[in-house]
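# Structural characterization, general
Here's the letter readout for the chains.
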Amino acid sequence: MEADIIRHKPAKRLGGIFSRRILLDICLISAAIAFFFIFPNNLGFMTRVLVMIIMVLSLDLVLGYAGVATLGHAALFGSGAYAAGIFAVYISANPLLGLVVGALAGAIIAFFSGLILMRATGLTLLMLSIAVAQVLFELVNSERDLTGGSDGLLGIDMDPVLGLYAFDFYGKTGYWYALAVLVVVFILLRVFVASPFGLVARGIHASPERMRAIGTPVYWRLITIYTLAGGIAGIGGAVSAQVTELVSLESLGFNLSAEAMIMLILGGIGRLYGAIFGTVIFMTVHHFAASVDPFNWLFVIGILVLLVVYVVPEGVLGLPEKLRKHLGMAK
Amino acid sequence: MSTETALKFTNVNAGYGDTQILNTLSFSVAKGERLAVIGRNGAGKTTLLNTIMGLTDMHAGSIELNAEAIETLPAHQRSARGLGLVPQTRDIFASLTVEENLLAGSKGRADISEAFALFPRLKERRNNKGAQLSGGEQQMLSVVRTLMGKPDFVMLDEPFEGLAPVICDQLMAVFKELADGKNTIILVEQHTEMALAFSDRLLILDNGEIAFHGATGEVRDNSEILDRYIGLGVA
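Let me begin by describing the structure that accompanies this report. From a predicted model like this one, the values you see are computed outputs, not experimental measurements.

### A short note on the overall build of chain A
When its secondary structure is counted, chain A shows 14 helices and zero strands. Secondary structure elements of chain A, listed N to C terminal, follow the sequence α-α-α-α-α-α-α-α-α-α-α-α-α-α. Computed over its C-alpha atoms, the radius of gyration of chain A comes to 21 Å, within 12% of the 20 Å expected for a compact globule of 331 residues. Every one of the 331 residues in chain A was classed for burial, and the buried ones make up 44%. For chain A, contacts bridging at least 24 residues in sequence account for 77% of all contacts bridging at least 6.

Set out below in structure tokens:
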């Protein structure tokens, strides 16, 4: 027995992991609240960061947990943005109803495109996902009367949130609104990834064939996960439309999909927090580097991604573990 | 062992893509039977199990499970009909803990305490990740993860490979318990002696064809068959 069974350290207590996570959650929310007061002139930028975090969290569900690599996530985000924007212009400017419409739009597009996408893998999947986003891009571009085409969807004038908090010029309401939606989305995702369904997603990521053999209808599970991710990306798009009161074609663009993937890889895939840290780092570097050198700022991002891929492939979230191991070896 | 047929292969050709590995296989397995499959490397043993599970490409023939044709069903539907495969590669989800591995296989319904009752060692490791387990522990986990789906037809693909004798004994005890509980079992095994000791019927594959199919006793009494197809006799 000794020859075969390795003596292990005792497994970490789950209670310890949970309390550490709660501590991190409190720190993150405190930081978000503090930033509101520390950087009152950057609320627009910080709100965009919160919106992008929602989108990257959605991508993490698909890529990080289920292992489905797509480069067309903007299709889901943009669908939510346009649906919520059009809904606000023509039907109701109630923000919460708009969120539901955005979520439904993202989920519906994800479901129907997923019927094709989830049958593919690897390069084929990447190409098909780009194609879906491009088809939507061109469709929205051609329907100028409804969507505003390349000028973007204008004329959105949102009602106050819950009838109480009007969206203001400085973006104060927008910031709190985006933060509240993000917190709700994060909690929902946390519950989902810890559920048996979340475990199935990770099992599919590790070995789709094995999951099939132990009774999981992999294709339909992937469609369910992609649809859920579509709903979340749609919520992100809806918040974006509501707080900026504008939807542009870029919300369906390839750049957005690619940037979301870079943000996730920077932060670390399959851990939810990676989406938060990766987005904050990417957008902050973008914000400051682009203001210093508007033409070559991507160079800085390029170096960052190279560093992460070569030094900490797990993303910046893997840094503490890496450092701990490094210091442990140095002793 | 009952006389009722659990599994019936009729003229099955199967393989991966256009490559055919199993050639016109016809045989049947009775309910409650313990069938051992042996053969040289590359004979098609793993392909046979994968074909039963629906993980290969069928080129011709039919497969019936409890008198129902299953050759067109995807793997997850075969699993729902009571088939369970413990793969040679074990395929433990390395980033999931022992408990999470079991829950991922149970769809949240089965009681994992049953799994821990079979292999108490896994209970001690319940919060360890798959990648942190020894080979023996991984095999135990692979076995009980398959059993979480409550199969009544269990296929074991070289479960003793690379394991210490004491772990093999533990696993064998569980397999015998399963067989005594009226499960039908197919054991693919390189250790011929273990295969003969476990089974009541034997199937020898050679180049994707059946070289021998009959009662294990016949081979025990006639080691010339093993000499011919496996290249070794039984002492």
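From this point, things continue past the structure.
### A word on the sheet that holds strand S10 (residues 209-215) of chain B
For sheets, the rule is that strands pair by backbone hydrogen bonds, running either parallel or antiparallel. All names here are of chain B. The strand order across the open sheet formed by six strands is S6-S7-S8-S3-S9-S10, and the pairing between neighbours is mixed. Edge positions in the sheet fall to strand S6 (83-86) and S10, since each of these pairs with one other strand and no more. Looking at each pair of strands side by side, their axes are set apart by 15° on average, direction ignored.

### A word on the packing of helix H4 (residues 95-117) of chain A against helix H10 (residues 218-244) of chain A
Residue and element names in this part refer to chain A. Contact pair H4 / H10: the axes reach a minimum separation of 6 Å and the direction vectors enclose 140°. Accordingly, the angle class assigned to the pair H4 and H10 is oblique. Seen from above, H4 lies across H10 with right-handed handedness. Residue classes in the contact of H4 with H10 are distributed as 16 nonpolar, ten polar and no charged.

### Focus: unusual backbone geometry
All names here are of chain B. With a phi close to 45°, Thr 24 is a non-glycine residue in the positive phi region. Along the chain, the position of Thr 24 falls in strand S2 (residues 19-30). A positive phi angle, close to 50°, is found at Asn 207, a residue other than glycine. One can find Asn 207 in the loop between strand S9 (201-206) and S10. What makes Asn 207 partly exposed here is the crowd of 13 C-beta atoms within 10 Å.

### Description of the interface of chain A and chain B
The interface is formed by 24 residues belonging to chain A together with 35 residues belonging to chain B. Counting only elements with at least two residues in the side of chain A that touches chain B, the list comes to helix H8 (196-206) and helix H9 (208-213) of chain A. Across the side of chain A that touches chain B, the residue classes tally to 13 nonpolar, five polar and six charged.

### Regarding the packing of helix H2 (residues 43-65) of chain A against helix H12 (residues 273-292) of chain A
Residue and element names in this part refer to chain A. Where H2 contacts H12, the two axes come as close as 8 Å, and the packing angle between them is 140°. Between H2 and H12, the angle falls in the class oblique. Here H2 and H12 pass one another in a crossing that is right-handed. Residues Phe 45, Arg 48, Val 49, Met 52, Ile 53, Val 56, Leu 57 and Asp 60 of H2 pack against Gly 274, Ala 275, Ile 276, Gly 278, Thr 279, Val 280, Met 283 and His 287 of H12. Partitioning the contact of H2 with H12 into residue classes produces ten nonpolar, four polar and two charged.

### Describing the nonpolar core
Among the nonpolar cores identified, the biggest contains 163 residues, and Ile 53, Ile 54, Val 56, Leu 57, Leu 61 and Ala 229 of chain A together with Val 144 of chain B are the most heavily contacted of them. Considering every element that reaches this core, the biggest residue donor is H2 of chain A, with 16 residues. Leave out the neighbours within four places in its chain, and Ile 53 of chain A touches Leu 182, Ala 275, Ile 276 and Thr 279 of chain A.

### Brief notes about the sheet that holds S2 of chain B
Residue and element names in this part refer to chain B. Sheet architecture is open: four strands sit in the order S2-S1-S4-S5, paired in antiparallel fashion. Strands at the two margins of the open sheet, each flanked by one partner only, are S2 and strand S5 (68-69). Relative to S5, strand S4 (residues 57-65) is paired through two bridges, and the arrangement is antiparallel. Bridge assignment links Leu 65 to a residue of S5, and that residue is Glu 68.

Rules and cut-offs
- Residues numbered from 1 in each chain as written.
- Chains lettered and ligands numbered in written order.
- Predicted model: local features only at pLDDT ≥ 70, side-chain atom pairs only at ≥ 80, totals over all residues.
- Helix = DSSP H or I, 4+ residues; strand = E, 2+ residues; numbered from the N terminus.
- Rg over C-alpha atoms; globule rule 2.2 N^0.38 Å.
- Buried ≥ 20, exposed ≤ 12 C-beta atoms within 10 Å, placed from the backbone.
- Contact = placed C-beta atoms within 7 Å.
- Pairing = 2+ DSSP bridges.
- Axes fitted to C-alpha atoms, helices over the stretch in contact; angles between N-to-C directions.
- Parallel < 35°, antiparallel > 145°, perpendicular 65-115°, else oblique.
- Left-handed = near helix turned anticlockwise from the far one by under 90°.
- Nonpolar A, V, L, I, M, F, W, Y, C, P; charged D, E, K, R; others polar.
- Core = buried A, V, L, I, M, F, W, Y, C linked by C-beta atoms within 7 Å.

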